[in-house]
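Below, each chain spelled out in residue letters.
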Amino acid sequence: MTVKSLAARWFTARIKQGFSSIGSIHTNDFTSENGKVEGELTTDGQVNTFGETWEVKIKFVAPLGEIPKEFQPAESKQPAKDEKQASTVSSDKPTTDESGDEAGGQPAVEELNVKDLALTTDATDVEYKELVEQIVFKSKSNVKSVCAELAANLKTQGWTTEDMDMVQPQSSILKRKRGEAELTIFVKPENGGSEVKMLTDGLSWDEE
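Here is what the cut-offs are and how they apply
- For every chain, the first residue of the written sequence is number 1, and numbering continues from 1 onward in sequence order.
- With the structure being a predicted model, the display of local features is reserved for residues of pLDDT at least 70 and the display and counting of side-chain atom pairs for 80 or more, all residues being used for whole-chain, interface and lining totals.
- Just so you know, side-chain values use all the structure's heavy atoms and leave hydrogens and water out.
- The numbering of helices and of strands both runs from the N terminus, where a helix is a DSSP run of H or I of at least 4 residues and a strand a run of E of at least 2.
- Buried residues of nine kinds, namely Ala, Val, Leu, Ile, Met, Phe, Trp, Tyr and Cys, make up a nonpolar core once their side-chain atoms join them within 4.5 Å.
- Summary of the burial criterion: residues with accessible area below 20% of their type's maximum are buried, those above 50% are exposed, and those between are partly exposed, where the area comes from a 1.4 Å probe applied to protein chains only.
- Two rings belonging to Phe, Tyr or Trp (six-membered ring only in the last case) form a pair when the distance between their centres is within 6.5 Å. Interplanar angles under 30 degrees mark stacking, angles over 60 mark edge-to-face geometry, and anything in between is tilted.
- Only Lys NZ and Arg CZ are tested; either one counts as a charge over a ring when it is within 6 Å of the ring centre and within 35 degrees of the ring normal.
- The working definition used for a salt bridge is a side-chain nitrogen of Lys or Arg within 4 Å of a carboxyl oxygen of Asp or Glu.
- For patch building, the residue pool is restricted to those with more than 30% relative accessible area and no salt bridge; the joining distance is 9 Å between like charges and 5 Å between nonpolar side chains (Val, Leu, Ile, Met, Phe, Trp, Tyr).
- Using a 1.4 Å probe, accessible areas were evaluated by the Shrake-Rupley method; residue-level cover was limited to the displayed protein chains.
- Counting rule applied: Lys, Arg positive; Asp, Glu negative; His and chain ends not counted.
- All charge positions are set by atom: Lys at NZ, Arg at CZ, Asp at CG, Glu at CD.

Colleague: Can you help me understand the environment of Ala-151 in this one?
Modeller: Secondary-structure assignment places Ala-151 in helix α3 (residues 143-156). Each C-alpha atom of the pair Ala-151 and Ala-118 lies 9.6 Å from the other, and the pair is 33 residues apart in sequence.

Right, here's the structure in full:
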């Protein structure tokens with residue numbers, strides 16, 4: 001089913017008298033780059049069909065093809081078959097290494113202090129709201145540039161992608177995970193730049 005057909009069905013569910021219209025809807029500002037497609041479905045104003053007046057103006061963003069490397073989750077290394085067999089030990093007690101971690105298990109990720117969280121290099125008006133565990137700051141860069149820099153900086157700090165990023169000029173959402181800690185990041189345009197709101201969970205808010 002095409003994008004236009006889906007749009008037509010969306011409108012038939014919201015009017016008193018059902019009908020289907022495809023020719024009245026067309027696509028504006030269609031782009032296909034950086035692993036996604038985006039554009040706008042519109043009727044360029046109100047349309048009268050069988051006595052019913054309706055209008056379409058929907059912006060969409062969808063993944064296409066290979067996801068850019070900076071937005072891909074870190075690959076987990078699978079142990080070789082021989083290593084799996086060698087790690088199988090018939091014992092009632094799990095073996096531990098000198099650090100206290102269980103053998104074969106993942107080392108615990110050190111808890112990150114909120115003040116050490118990676119932001120953009122030009123972050124200003126930074127607010128750390130401990131009561132609601134949120135960080136708010138501003139950047140002079142546009143939404144797409146801020147998202148790209150945050151994704152790169154957080155990846156260097158060990159954060160991995162939780163869900164596919166939704167990046168578009170009007171409003172963007174990024175989700176990241178590091179051990180037990182999680183981030184939900186909202187980026188929107190403001191005064192020629194961007195405003196970033198980061199909802200945190202699992203970070204330390206102790207004063208350093």
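Colleague: Looking at this structure, how should I read the nonpolar core?
Modeller: Across soluble globular proteins, you tend to see nonpolar side chains buried next to one another. Counting residues in each nonpolar core, the largest one holds 24 residues, and the members touching the most others are Leu-117, Trp-159, Leu-183, Ile-185, Val-196, Met-198 and Leu-203. Among the elements of the structure, β7 (134-139), α3, β10 (181-190) and β11 (193-201) are those that each provide at least two residues to this core. Counting residues per element, this core draws most heavily on α3, which supplies 6 residues. Grouped together as the second largest cluster of nonpolar side chains are 6 residues, Leu-41, Val-47, Trp-54 and Phe-60 included.

Colleague: Explain the packing of aromatic side chains here, please?
Modeller: The geometry of an aromatic ring pair is captured by two quantities: the separation of the ring centres and the angle between the planes. Under the definition given, this model contains 0 aromatic pairs. Just above the ring of Tyr-128 sits the side chain of Lys-115; from NZ or CZ to the centre is 5.0 Å.

Colleague: Can you walk me through the pattern of salt bridges in this structure?
Modeller: Pairing of side chains with opposite charge becomes possible as their charged atoms draw close. Evaluation of the coordinates by the stated rule reveals 6 salt bridges. Where Lys-144 meets Glu-38, a salt bridge forms, and the shortest distance between an N and an O atom there is 3.4 Å. Within this pair, whereas Lys-144 is found in helix α3, its partner Glu-38 is found in strand β2 (residues 36-42), the two being separated by 106 residues in sequence. You can call Lys-144 partly exposed: its relative accessible area is 34%. Of the charged contacts in the structure, one is a salt bridge between Glu-190 and Lys-138, with a shortest N-O distance of 3.2 Å.

Colleague: Explanation requested: a nonpolar patch on the surface in the structure shown.
Modeller: Taken together, the side chains of Met-166, Ile-173, Phe-186 and Leu-199 present a nonpolar region at the surface, about 280 Å² in accessible area. Looking at the element boundaries, Met-166 is found in the loop between β8 (160-161) and β9 (172-178). Under the relative-accessibility criterion, Met-166 is labelled partly exposed at 36%.

Colleague: Can you help me understand a negative patch on the surface in this one?
Modeller: Negative charge collects at one region of the surface, where Glu-110, Glu-111, Glu-130, Asp-206 and Glu-207 lie side by side. With respect to the secondary-structure elements, Glu-207 resides in the segment after β11. Note on Glu-207: relative accessible area 69%, which makes it exposed.

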